[in-house]
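# Breakdown of the fold
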Amino acid sequence: MNVVLGVGGGIAAYKAAELVRLLQERGFSVQVVMTLAAQEFVRPLTFAALTGKKVITELFASEGGEQVLASAVEHIRVAEEHEMMVVAPATADLLARFAHGLANDFLTTLYLAFTGPVVLAPAMNTHMWLHPATQANVRLLRERGHTVMEPEEGPLACGMTGPGRLPEPQRIAAVVHALAGKQRDLEGETVLVTAGPTEEPIDPVRFISNRSSGKMGYALAQAAAARGARVILVSGPVNLIEPYGVRVVRVRTALEMRKAVLEHLEEATIIVKAAAVADYHVARVPEHKIKKTAMRLSLELEPTPDILAEVGQKKGDRLLIGFAAETENLVAEARRKLESKNCDMVVANLVGPEETGFGADENEVTLVMRTGEVVRLPRASKLEVAGAIFDHAVRLRLALHAAQ
Ligand code: PMT
């Protein structure tokens, strides 16, 4: 696969050389485009030597002392010949120019001409990253469907400590790999994913819910689609962009989620239940808004149906992956759920720390498998975690078939 790597002007530009090497190791052919500012930090020669290709540095080239457009259609040609665009480091300036469609150099012109997936790896000073203008630009770019990675926290070149470090090149390469669909090992599979919370009405205007954002489930759907699967995503109410090429079935309550899951069960070959389904609901929801009085109010809650357990009963030879959100005894609880709900794998999710689990961009999980194997995955973005879950799911299925 051909990847065009844009290098922005930041102190982390030198790390892009390592990224080139890692992408090449994963089988990508890389064309580097550098901004003028990037060339202040690293010489184009470094990338030319690594890639064996001329580095594109400008929109206008000199010919006989005259400035001419390097080629009137060069940015169009590069856009058409590459399947993915990665920008690392993506500076605050580049994020702003991409967000607002400014095209005053080769990289920003190429961005407008490019129609494939875009991965942006930001790096900048903490205040610049947290500035409302940058955050608004990041939101815009994410809404456009681009993958904007979270910068890492730590000491920065400016002397500050905080978010703003370029994500490690290993992690950028892993995200590119996950999105590139280089591994088509899920081709022919239909993956049914559940995501997000459910909302259980109390009256026409109030509901009970939880803090699930849907990010984990959406990352699983995105990763499965990139690996060639047909994906059905049964999603509770979330505020996320639908992953490309995925069929999304929107539901609100646990009962609606159960119905949607059972409706699509027949066609599924792998089921991943990442949704945080409400365990209780108000069985008889009043027709009118409950009036406020000085009295105490008690709600009578009934358990919702356990969708995972029901799917476990009906699963046949489908691969069933459940999740377990726990605050303690992670592996023991996951084992208990694996047995009681007849799962093949349970993804045990420690949900205490705020930087992982509910709502976070990263997750740290332990995989507990029917074979008895327990694998602790390192903390990583939800997309990377999703990729690792499918890596293990594919291996697990082979092991289970071999054991039959
Ligand atoms: O959405 P994010 O903000 O990205 O957060 C991700 C997450 C923390 C929600 C996710 O990683 C996670 O852990 N999901 C499972 C949350 C949960 O409800 O765990 P549980 O231990 O209560 O449920 C165990 C399993 O049973 C889950 O697979 C759940 O989908 C399923 N279940 C639960 C209740 C119910 N009535 N029906 C079910 O199918």
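Before reading on, note that the structure itself is shown above.
Residues numbered from 1 in each chain as written. Predicted model: local features only at pLDDT ≥ 70, side-chain atom pairs only at ≥ 80, totals over all residues. Heavy atoms only, no water.

On to the side chain of Lys315, then. Locating Lys315 in the fold gives a position in the loop between helix 12 (307-314) and strand 18 (319-326). Only 3.0 Å separates the side chain of Lys315 from the side chain of Asp344, close enough to count as a polar contact. When near neighbours in sequence (up to four residues on either side) are disregarded, Lys315 contacts Leu320, Asn342 and Asp344. (Helix = DSSP H or I, 4+ residues; strand = E, 2+ residues; numbered from the N terminus. Polar contact = N/O pair within 3.5 Å; in protein donor to acceptor, adjacent residues only side chain to side chain. Contact = heavy atoms within 4.5 Å.)

Tallying each qualifying case throughout the model produces one aromatic pair. Ring centres 4.5 Å apart and planes at 35° place the aromatic pair Phe98 and Tyr111 in the tilted group. With Phe98 in helix 5 (residues 92-100) and Tyr111 in helix 6 (residues 106-113), the pair connects residues that are 13 residues apart, well separated along the chain. Of the residues examined, Phe98 reaches a relative accessible area of 1% and is grouped as buried. (Phe/Tyr/Trp six-rings, centres within 6.5 Å; stacked < 30°, edge-to-face > 60°. Buried < 20%, exposed > 50% of the residue type's maximum accessible area, 1.4 Å probe, protein only.)

All right, on to the site of the ligand then. Among the 29 residues in the neighbourhood of the ligand, the closest are listed as Ser212, Ser213, Lys337, Asn349 and Gly359. One nitrogen or oxygen atom from the main chain of Gly214 is found 2.8 Å from an oxygen atom belonging to the ligand. At 3.1 Å, a backbone N or O of Ile307 approaches a nitrogen atom of the ligand. Look at the ligand: alone it shows 780 Å² of surface, and the protein chains cover 95% of it. Where the shell around the ligand is concerned, the elements lending two or more residues are helix 10 (215-226), helix 12 and strand 18. Ranked by residues supplied to the shell around the ligand, first place goes to strand 18 with four residues. (Near = heavy atom within 4 Å. Areas by Shrake-Rupley, 256 points an atom, 1.4 Å probe, with all protein chains shown as cover.)

Our focus in this paragraph is the pairing of strand 2 (residues 29-34). Most of strand 2 is tucked away, with five of its six residues classed as buried. Where strand 1 (residues 2-7) meets strand 2, six bridges bridge the pair, whose relative direction is parallel. Along strand 2, the bridge assignment pairs Gly6 with Val33. On the question of chirality, the crossover connecting strand 1 to the parallel strand 2 by way of helix 1 (residues 15-25) is right-handed. (Pairing = 2+ DSSP bridges. Right-handed = clockwise from strand over helix to strand, strands pointing away.)

Now for the sheet that holds strand 10 (residues 190-195). The eight strands are arranged 14-13-10-15-18-19-21-22 in an open sheet whose pairing can be described as mixed. Looking at which strands have only one partner, the edges of the open sheet turn out to be strand 14 (247-250) and strand 22 (374-376). On average, each strand axis in the sheet is tilted by 15° relative to the strand beside it, whichever way the strands run. When strand 13 (residues 230-235) meets strand 14, the two strands line up parallel, connected through four bridges. Residue pairing for strand 14: Ile232 is matched across the bridge by Arg247. Sitting on the sheet, helix 12 is in contact with strand 15 (270-273) and strand 18, with an inclination near 155° to strand 18. Together, strand 10, strand 15, strand 18, strand 19 (345-350), strand 21 (365-369) and strand 22 form the strand contacts of helix 14 (residues 382-403), whose direction differs from that of strand 18 by roughly 135°. (Axes fitted to C-alpha atoms, helices over the stretch in contact; angles between N-to-C directions.)

Of all the positions in helix 1, only Lys15, Ala16, Ala17, Leu19, Val20, Leu22 and Leu23 are classed as buried. If you follow the buried residues of helix 1, they end up packed against strand 1, strand 2, helix 3 (44-51), strand 5 (84-90), strand 9 (161-165) and helix 9 (169-180). Immediately beyond the C-terminal end of helix 1, within one or two residues, lies Gly27, with a positive phi of roughly 95°.

Below, the discussion takes up the pairing of strand 19. Most of strand 19 sits out of view: five of its six residues are buried. Strand direction decides the pairing type here: strand 18 and strand 19, joined by six bridges, are parallel. Bridged to Glu326 within strand 19 is Leu350. Of the crossover connections in this fold, the one passing from strand 18 over helix 13 (residues 330-340) to the parallel strand 19 is right-handed. Of the pairings in the sheet, the one linking strand 19 to strand 21 comprises five bridges and is antiparallel in character. In the sheet register, Val347 faces strand 21, and the bridge partner there is Leu367.

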